[in-house]
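Close look at the chain arrangement
Okay, here's what each chain looks like letter by letter:
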Amino acid sequence: MAGSMEIKEVAPDGAVHFIDNVSSGPGPIENASEAICALFLMAMIVLIGAEAIARNLFATSLQITDEIGGYLLVAMTFLSMSVAEAHGAFHRVELVQARLGQSARLVSQIVFDLISLVASALITWQLTRLVMNSWRSEDVAPTPLQTPLWMPQTTMAIGMFLLCLALLRTILTKARRLRRGAQS
């Protein structure tokens, strides 16, 4: 049966996709998130490079590289989820999708996106509660920097909220395409 499927897309990483990719495309929010993630990545590179130089040339450590690098990595992970969704690279279930007709495929994708939106909204709510809890209790990291924990936790809540917005845009895009197909 796999021989009867037509290859629709070969991604830059070599992944073969058998279905059309319907996504909302990046908007200003996703473009800003992507730029912030790029800045965070560059900051990590500089920080790790400075740590390597300090250790190898001066036999000392900055003592903050692991902590700050970890916070930047978490921020990049959460802030990049909306970017991946907007580009149609966040989630796919091609095993089932490739065997459905175009309308049924769009309906199943919308259902999957709705379930993802509900789960993401719940996670956003819980992360927001975590941030507020850390803020009220003035929790700090048990490290030399004693970073207030609400700071890195806020990037997690913001990233999940942005994912919710991207999922909503994708759902609307797929619904419009489904409606256009039904009217044709």
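What comes next concerns the included structure. Sequence order sets the numbering: in each chain, residues are counted from 1 along the sequence as written. Reporting of local features is limited, given that this is a predicted model, to residues whose pLDDT is at least 70; pairs of side-chain atoms are given and counted only at 80 or more, and all residues count toward the totals for whole chains, interfaces and linings. Note: side-chain values were computed over all heavy atoms of the structure, leaving out hydrogens and water.

Right, let's talk about the pattern of salt bridges for a bit. Two side chains of opposite charge can pair, provided their charged atoms sit close to one another. We define a salt bridge as a side-chain nitrogen of Lys or Arg found within 4 Å of a carboxyl oxygen belonging to Asp or Glu. Applying the stated rule across the entire model yields 3 salt bridges. Between Glu 30 and Arg 169 there is a salt bridge whose closest N-O contact spans 2.8 Å. One end of the pair, Glu 30, is in helix H1 (residues 28-58); the other, Arg 169, is in helix H6 (residues 150-183), and 139 residues separate them in sequence. With its nearest N and O atoms 2.6 Å apart, the salt bridge here joins Asp 113 to Lys 174. Linking Asp 113 in helix H5 (residues 102-137) with Lys 174 in helix H6, this pair joins segments that are 61 residues apart in sequence. Each member of the pair, Asp 113 as well as Lys 174, carries the same accessibility label: buried. Each helix is a run of DSSP H or I of at least 4 residues and each strand a run of E of at least 2, with the numbering of both proceeding from the N terminus. Three labels apply to residues, based on accessible area from a 1.4 Å probe with only protein chains included: buried if under 20% of the type maximum, exposed if over 50%, partly exposed otherwise in between.

For the rest of this paragraph, the subject is the packing of H1 against helix H2 (residues 65-79). Comment: axis = line fitted to C-alpha atoms, over the contacting stretch for helices; angle = value between 0 and 180 degrees taken between N-to-C directions. With their axes 9 Å apart at the nearest point, H1 and H2 run at an angle of 160° to one another. When the axis of H1 is compared with that of H2, the two are roughly antiparallel. Crossing handedness for the pair H1 and H2: left-handed. Across the interface between the two elements, Ser 33, Ile 36, Cys 37, Phe 40, Leu 41, Ala 43, Met 44, Leu 47, Ile 48 and Glu 51 of H1 pack against Thr 65, Ile 68, Gly 69, Leu 72, Leu 73, Ala 75, Met 76 and Leu 79 of H2. When residues are sorted by character, Ala, Val, Leu, Ile, Met, Phe, Trp, Tyr, Cys and Pro go into the nonpolar class, Asp, Glu, Lys and Arg into the charged class, and all the rest, Gly among them, into the polar class. For the contact of H1 with H2, the class distribution of residues is 14 nonpolar, 3 polar and 1 charged. With respect to orientation, any angle under 35 degrees is reported as roughly parallel, any angle over 145 as roughly antiparallel, any angle of 65 to 115 as roughly perpendicular, and every other angle as oblique. Crossing handedness is defined as follows: a turn of the near helix away from the far one that is anticlockwise and smaller than a right angle gives a left-handed crossing, while the clockwise case is right-handed. Contacts between residues were defined by any pair of non-hydrogen atoms, one from each residue, lying within 4.5 Å.

Another point: the nonpolar core. By nonpolar core we mean a set of buried residues, namely Ala, Val, Leu, Ile, Met, Phe, Trp, Tyr and Cys, connected to one another through side-chain atoms within 4.5 Å. Phe 78, Met 81, Leu 117, Leu 127, Met 160 and Leu 163 are the most contacted members of the largest nonpolar core, which totals 13 residues. When contributions to this core are tallied by element, the ones reaching two or more residues are H5 and H6. Of all the elements, H6 adds the most residues to this core, at 7 residues. Residues in contact with Leu 127, not counting those within four places in the same chain, are Phe 78, Met 156, Ala 157 and Met 160. Core analysis: the next-biggest nonpolar cluster, separate from the first, contains 6 residues, Cys 37, Leu 72, Leu 79 and Leu 162 among them.

Looking at where Val 107 falls in the secondary structure, it is placed in helix H5. Placed 64 residues apart in sequence, Val 107 and Ile 171 show a C-alpha to C-alpha distance of 9.9 Å.

A word on a nonpolar patch on the surface. Only residues above 30% relative accessible area that lack a salt bridge enter a patch, with like-charged residues linked at up to 9 Å and the nonpolar side chains Val, Leu, Ile, Met, Phe, Trp and Tyr linked at up to 5 Å. Per-residue and other accessible areas follow the Shrake-Rupley method at a 1.4 Å probe size, with only the shown protein chains counted as cover for residues. A cluster of nonpolar residues, Ile 53, Leu 57 and Phe 58, forms a patch on the protein surface that exposes about 360 Å² of accessible area. With respect to the helices, strands and loops of the structure, Phe 58 is situated in helix H1.

Take the packing of aromatic side chains next. Geometry of aromatic contacts follows a simple scheme: Phe, Tyr and Trp rings, the Trp one being its six-membered ring, pair when their centres are within 6.5 Å, and the pair is stacked under 30 degrees between planes, edge-to-face over 60, tilted otherwise. Overall, the coordinates contain 1 aromatic pair when judged by the stated rule. By definition, being over a ring means that NZ of Lys or CZ of Arg is both within 6 Å of the ring centre and within 35 degrees of the ring normal. The lysine or arginine in question, Arg 129, covers the ring of Trp 125, its NZ or CZ lying 5.7 Å from the ring centre.

Residues scored as charged are limited to Lys and Arg (positive) and Asp and Glu (negative), so that His and the chain ends carry no count. To locate a charge, take atom NZ for lysine, CZ for arginine, CG for aspartate or CD for glutamate. Among the surface-exposed residues, Arg 176, Arg 177, Arg 179 and Arg 180 lie close enough to one another that they form a single positively charged patch. Its location among the elements puts Arg 179 in helix H6. Among the residues examined, Arg 179 registers a relative accessible area of 48% and is labelled partly exposed.

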